[in-house]
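Understanding the architecture of this molecule
Single-letter residue listing:
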Amino acid sequence: FFQAEDGIRDLTVTGVQTCALPISADLLAEARTTAARTPWVPVPARDYSGSREVVVRLGRPGEEHGLYNAAYRHRPNGAVEVVDVDGGEAVRTSVGRGVVYVYFDVDDTFVYFAEGRVPLEVHVEVWGARAPRHLGFNLLYDAAGGYRFTPWVWVEPGDGWRTYTIRLPDASFANTWGYDFAINAAGNRVEDLTVRTVRVRKVAP
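Below is a short write-up of the structure. This one's a predicted model, so the numbers in the text were calculated from it and none came from an experiment.

Side note on the overall build of the protein chain
Of regular secondary structure, the protein chain possesses one helix and 15 strands. Burial status across the protein chain gives 43% buried among its 205 residues. Sequence-distant contacts, at least 24 apart, represent 68% of the contacts inside the protein chain between residues at least 6 apart.

This is the structure in structure tokens:
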């Protein structure tokens with residue numbers, strides 16, 4: 001701030017004319033005392049430009065490291081349920097309630113408006129299906145030229161976690177519809193999809 005003891009002062013800051021009013025000595029002393037009592041905790045800037053991958057572990061609300069889901073749970077078709085599975089948390093879709101998408105946003109410092117210049121892989125960890133060809137998913141993603149679906153992936157049956165890798169050679173991830181990609185479980189009718197971890201990784205062209 002600018003302190004003037006004997007009246008109004010005009011000063012120019014980066015070409016913008018600014019008027020600074022005088023500050024009393026009592027007010028200045030109080031501000032300094034308050035600042036000294038208030039702990040200052042530095043908040044690191046989010047910068048994933050040098051990272052090979054971003055990841056989210058889904059739960060209440062989960063751990064988000066450059067890949068974000070929690071902000072989309074207010075959407076009716078993205079309001080996934082948090083469940084406890086295998087001693088940990090995950091989220092589950094519900095076709096019966098119309099909750100068929102798990103939405104994600106990739107931090108813009110990691111990749112943004114790539115238009116296919118940055119080949120990516122998405123690694124999706126899901127709980128096993130109850131029977132063969134019983135449960136599956138694909139991705140709806142922001143690609144160069146518009147959103148598109150990847151081929152359908154069937155989840156293998158059996159208890160335990162399985163990880164499926166989907167390559168996106170033409171991702172744009174420009175948040176065109178407000179998100180970068182979504183896991184789509186709308187094709188399931190007798191079982192819902194449980195997702196624990198999702199990673200987005202940069203790969204060599």
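Brief notes about the packing of aromatic side chains
Scanning the model with the defined rule gives 11 aromatic pairs in all. Put simply, the rings of Tyr72, Tyr101, Tyr103, Tyr147, Trp177 and Tyr179 pair up and form one aromatic cluster. A cation over an aromatic ring shows up here: Arg75 above the ring of Tyr103, its NZ or CZ 4.7 Å from the ring centre. The aromatic ring of Phe110 is capped on one face by Lys202, whose charged end is 4.5 Å from the ring centroid.

Focus on the pairing of strand E11 (residues 146–149)
As judged from the four bridges shared by strand E10 (residues 136–143) and E11, these two strands associate in the antiparallel manner. Its bridge partner being in E11, Ala143 is matched across the sheet by Gly146. Between E10 and the antiparallel strand that follows it, E11, lie two residues; Gly145 among them carries a positive phi value of about 100°.

Structural notes on unusual backbone geometry
A cis amide bond, omega -15°, links Arg60 with the succeeding residue Pro61. For Pro61, the location among the structural elements is in the loop between strand E3 (53–58) and strand E4 (62–65). The residue Asp86 is not glycine, and still its phi comes out positive at about 55°. Here Asp86 lies in the loop between strand E6 (81–85) and strand E7 (88–92). By relative accessible area, which is 56% here, Asp86 ends up exposed. Positive phi, close to 55°, is recorded for Asn175, a residue that is not glycine. In this fold, Asn175 is placed in the loop between strand E13 (161–168) and strand E14 (181–184).

Some points on the side chain of Asn138
You can see Asn138 is positioned in strand E10. Of the residues examined, Asn138 reaches a relative accessible area of 7% and is grouped as buried. Within polar-contact distance, the side chain of Asn138 engages the backbone oxygen of Thr150 at 3.1 Å. The residues touching Asn138, leaving out its near neighbours within four places in the chain, are Phe149, Thr150, Pro151, Trp152, Ala182, Ile183 and Asn184.

Details of the pairing of strand E8 (residues 101–106)
Of all six residues that make up E8, six are buried, and the element is covered over most of its length. Alternating residues of E8 divide into Tyr101, Tyr103 and Asp105 and Val102, Phe104 and Val106, and every residue in both groups is buried. One ladder, built from two bridges, connects strand E5 (residues 67–68) with E8; its direction is antiparallel. Considered in E8, the bridge of Leu67 is made with Val106.

Cut-offs and rules
Residues numbered from 1 in each chain as written. Predicted model: local features only at pLDDT ≥ 70, side-chain atom pairs only at ≥ 80, totals over all residues. Heavy atoms only, no water. Helix = DSSP H or I, 4+ residues; strand = E, 2+ residues; numbered from the N terminus. Buried < 20%, exposed > 50% of the residue type's maximum accessible area, 1.4 Å probe, protein only. Contact = heavy atoms within 4.5 Å. Phe/Tyr/Trp six-rings, centres within 6.5 Å; stacked < 30°, edge-to-face > 60°. Lys NZ or Arg CZ within 6 Å of the ring centre and 35° of its normal. Pairing = 2+ DSSP bridges. Polar contact = N/O pair within 3.5 Å; in protein donor to acceptor, adjacent residues only side chain to side chain.

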